[in-house]
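What follows is each chain in one-letter form.
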Amino acid sequence: MSGPELPHDHLLDGEPLSGFQELLGYRLVRWEEGMAEMELRIERRHLNRAGVVHGGVLTTMLDTSMGFSATFCPFPGRVRRVVTLSLSTSFLGQARHGTLVASGRLRGGGRKIVSCTGEVRLRETGAVLAAAEGMFKYRTGSEHPEGVELHGG
């Protein structure tokens, strides 16, 4: 007996959204070798007590877009995964409404550990709200371009 179909993002090749992605509401809009871009329409639930986007939302978008930038896998039914080793975020602006666009780029690294950079902009003005650098470690099998089977284990 199978349960209800989980929502998914068309760029994830049938992989369901994570629970945290569903909670925040961001979506992957561009993904290719060495880069990823995500969007989030700002809602009241994303604001802090001062009425601006919470830094945790910006940091999540940076961490996630950078992780995706390191894990593009062109092989259908296969995925690559990383874990975040370190993340340094600088907050440069604020927003109360509009659409956040986070972009992550793979900078380089070795076979198992890579460096990425990212920024979050407000689509409507182009203003940079936050920037980050991070170190990511490939999970077993993900250091190879072909990754691992999506539903294998």
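Refer to the structure presented above.
Residues numbered from 1 in each chain as written. Predicted model: local features only at pLDDT ≥ 70, side-chain atom pairs only at ≥ 80, totals over all residues. Heavy atoms only, no water.

Another aspect to go through is the sheet that holds strand β1 (residues 27-32). Pairing within the open sheet is antiparallel, and its six strands lie in the order β1-β2-β5-β6-β7-β4. In this open sheet, the two edge strands, each paired with only one partner strand, are β1 and β4 (82-91). When strand polarity is set aside, the average angle formed by the axes of neighbouring strands in this sheet is 20°. The sheet contact formed by strand β2 (residues 35-41) and strand β5 (residues 99-109) spans seven bridges and is antiparallel. Note on β5: the bridge partner recorded for A36 is G104. (Pairing = 2+ DSSP bridges. Helix = DSSP H or I, 4+ residues; strand = E, 2+ residues; numbered from the N terminus. Axes fitted to C-alpha atoms, helices over the stretch in contact; angles between N-to-C directions.)

Let's shift gears to the packing of aromatic side chains. For the structure on display, the rule yields two aromatic pairs. Aromatic side chains W31 and F68 sit 4.9 Å apart centroid to centroid with 85° between the ring planes, which places their arrangement in the edge-to-face category. With W31 in strand β1 and F68 in helix α2 (residues 55-69), this pair connects stretches of sequence that are 37 residues apart. Residue W31 is classed as buried on the basis of its relative accessible area, which comes to 18%. Geometrically, the ring pair formed by W31 and F72 is edge-to-face, given 5.7 Å between the ring centres and 85° between the ring planes. One end of the pair, W31, is in strand β1; the other, F72, is in the loop between α2 and β3 (78-79), with 41 residues separating them in the sequence. Linked through ring pairs, W31, F68 and F72 together constitute an aromatic cluster. (Phe/Tyr/Trp six-rings, centres within 6.5 Å; stacked < 30°, edge-to-face > 60°. Buried < 20%, exposed > 50% of the residue type's maximum accessible area, 1.4 Å probe, protein only.)

So yeah, pure geometry; function would need other evidence.
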